[in-house]
Amino acid sequence: IPLKPATIEFYDIAGLVEGASKGEGLGNKFLAHIRETDLICHVLRAFTDNNVVLTGKMDPVQDLQIVRMELILKDLETVEKAKKIKAKDLKEKQKIEQALQKIELALNNGKMLNTLDFTDEELEIVKPLCLLTIKPEIFAVNLSEDQISKKPEIDYTQKLGVEPSDIVFICAKIEAELSELALSEQKMYLQELGLRNSGIEIMAQAAYRKLNLISFLTVGKIEARAWSIAKGTLAPQAAGVIHTDFCKKFIKANVVSFDEFIQVEGWKKAKELGKVRQEGKDYQMQDGDVVEFMIGK
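This text gives an overview of the structure that appears in the document. (Residues numbered from 1 in each chain as written. Predicted model: local features only at pLDDT ≥ 70, side-chain atom pairs only at ≥ 80, totals over all residues. Heavy atoms only, no water.)

1. What about the pattern of salt bridges?
Then step 1. According to the stated counting rule, one finds twelve salt bridges in the structure shown.
Then step 2. A salt bridge links Glu121 to Lys95, with the shortest nitrogen-to-oxygen separation between them at 3.0 Å. With Glu121 in helix 4 (residues 120–126) and Lys95 in helix 3 (residues 90–108), this residue pair connects regions lying 26 residues apart in the sequence.
Then step 3. With relative accessibility at 44%, the residue Glu121 sits in the partly exposed group.
Then step 4. On the accessibility criterion, Lys95 (29% relative accessible area) is partly exposed.
Then step 5. Of the charged contacts, one joins Lys102 and Glu122 as a salt bridge, the two residues approaching to 3.0 Å between their closest N and O atoms. Note that Lys102 is positioned in helix 3 and Glu122 in helix 4, a separation of 20 residues in sequence.
Then step 6. A residue is classified by how much of its surface remains accessible, and Glu122, at 16% relative accessible area, is buried.
Then step 7. When salt bridges with common partners are traced through the structure, they connect Lys74, Glu77 and Lys81 into a single cluster. (Salt bridge = Lys/Arg side-chain N within 4 Å of Asp/Glu carboxyl O. Helix = DSSP H or I, 4+ residues; strand = E, 2+ residues; numbered from the N terminus. Buried < 20%, exposed > 50% of the residue type's maximum accessible area, 1.4 Å probe, protein only.)

2. Regarding helix 9 (residues 199–210)
The α-helix winds at 3.6 residues per turn, so residues separated by three or four positions along the chain end up facing the same way.
Then step 1. An ideal rise of 1.5 Å per residue puts 16 Å on twelve residues; helix 9 measures up with 16 Å between its terminal C-alpha atoms.
Then step 2. Burial in helix 9 covers these residues: Gly199, Met203, Ala204, Ala206, Ala207 and Tyr208.
Then step 3. Where helix 9 is buried, its residues contact strand 2 (40–45), strand 3 (137–142), strand 4 (167–170), helix 7 (172–178), strand 5 (213–219) and strand 6 (224–230). (Expected span 1.5 Å × (residues − 1). Contact = heavy atoms within 4.5 Å.)

3. Here's the deal with the packing of helix 2 (residues 60–82) against helix 3
Then step 1. With their axes 10 Å apart at the nearest point, helix 2 and helix 3 run at an angle of 155° to one another. Here helix 2 is positioned roughly antiparallel relative to helix 3, judged by the angle of their axes. Handedness of the crossing formed by helix 2 with helix 3: left-handed. Along its contact with helix 2, which presents Ile72, Asp75, Leu76, Val79, Glu80 and Ala82, the element helix 3 presents Leu100, Ile103, Glu104, Leu107 and Asn108.
Then step 2. For the contact of helix 2 with helix 3, the residue count by class is seven nonpolar, one polar and three charged. (Axes fitted to C-alpha atoms, helices over the stretch in contact; angles between N-to-C directions. Parallel < 35°, antiparallel > 145°, perpendicular 65-115°, else oblique. Left-handed = near helix turned anticlockwise from the far one by under 90°. Nonpolar A, V, L, I, M, F, W, Y, C, P; charged D, E, K, R; others polar.)

4. Points about the sheet that holds strand 4
Then step 1. Sheet architecture is open: three strands sit in the order 2-3-4, paired in parallel fashion. Each edge of the open sheet carries a strand with a single partner, namely strand 2 and strand 4. Going from strand to strand, the sheet's axes swing by 25° on average, the running direction of each strand aside.
Then step 2. In this structure, strand 2 lies alongside strand 3, joined through six bridges in parallel fashion. The residue bridging Val43 from the neighbouring strand is Ala140, located in strand 3.
Then step 3. Running over the sheet, helix 2 touches strand 2 and strand 3 and is turned about 145° from strand 2. (Pairing = 2+ DSSP bridges.)

5. With respect to the packing of aromatic side chains
Then step 1. Taken as a whole, this structure holds four aromatic pairs when the rule is applied.
Then step 2. Centroid distance Phe261 to Trp267: 5.4 Å. Interplanar angle 75°. Geometry classified as edge-to-face.
Then step 3. Taking the relative accessible area as the measure of exposure, Phe261 reaches 9% and is therefore buried.
Then step 4. Overall, Trp267 belongs to the buried group, its relative accessible area being 12%.
Then step 5. Taken together, the ring pairs in this structure connect Phe216, Phe250 and Phe293 into an aromatic cluster.
Then step 6. Here Arg45 stacks its cationic end above the ring of Phe47, 4.4 Å away from the centre of that ring.
Then step 7. Over the face of the ring belonging to Trp227 we find Arg225, whose NZ or CZ atom lies 4.1 Å from the ring centre. (Phe/Tyr/Trp six-rings, centres within 6.5 Å; stacked < 30°, edge-to-face > 60°. Lys NZ or Arg CZ within 6 Å of the ring centre and 35° of its normal.)

6. Considerations on unusual backbone geometry
Then step 1. Phi angles above zero are rare outside glycine, and Cys130 is one such case at about 50°.
Then step 2. The topology assignment puts Cys130 in the loop between helix 4 and strand 3.
Then step 3. Here Cys130 falls in the partly exposed class, since its relative accessible area comes to 37%.
Then step 4. Residues other than glycine seldom take positive phi values, yet Glu265 does so here, at roughly 60°.
Then step 5. As for its position among the elements, Glu265 is in the loop between helix 12 (258–264) and helix 13 (267–272).
Then step 6. Among the residues examined, Glu265 registers a relative accessible area of 73% and is labelled exposed.

7. A look at helix 2
Then step 1. Helix length check: helix 2, at 23 residues, gives a terminal C-alpha distance of 33 Å against a target of 33 Å (1.5 Å per residue), a fit within 8%.
Then step 2. Structurally, the start of helix 2 carries an N-cap: the backbone nitrogen of Val61 is 3.1 Å from a side-chain oxygen of Asp59. (Polar contact = N/O pair within 3.5 Å; in protein donor to acceptor, adjacent residues only side chain to side chain.)

Printed below as a string of structure tokens:
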């Protein structure tokens, strides 16, 4: 049965130049694209190649600082506009002003909003603003072919000031070559390079972790499909990802772990061997669950 994987879409947005928040280059256009994403992946150049044009000096730290500053400046512009929005009453006005002051203070101090803690009440005010610096970030350090097969000499965790789990090392040249190969050839090529996974796969995994996502699977006669949900999602809400009516009409879920499902080769044997559990509305979905939802009329 063919497996239709859960999708995570990467949008390639050209690098921002200094002054992008004021419209330099194609800044405003690209900043609008970033606003629509759930997560920002900063691709930072850390390789030298005379055949690839480099503007300025090669400095991943400075490149990151420029992009972040442009995002901060754009968010400050958004905050200024938000101040003009009329509140329903005095109490709501005070709440909005306090939230905007908190945001403005952080941005003026050069802080990304994803480093702040917000209350649920503040998030209700902040979310509609679609601020850029509140989005979670991961970092793809673009290395040369020689560098990618060995551990980078530079400690980018400390240099960039980010968590190790948020950094991915890729080689764009290798990724381009992999995209032109069949799946079996990709595996062989990666083995020759001493790599287990492609950079795109590792980036997807990092994005999943950062967005706090897991996957569950549904398996039928025609296809098997993976679905993305937030960690902690209950069974009825997971069913609702497949079809909104399933959430309302949820009765129960037959659940088996992916490893056991593969081991016994399908639902029939899994049920015969007692591997399938029946779970109710309070069941919290686990990563890799294979599920059969029972839905009422």
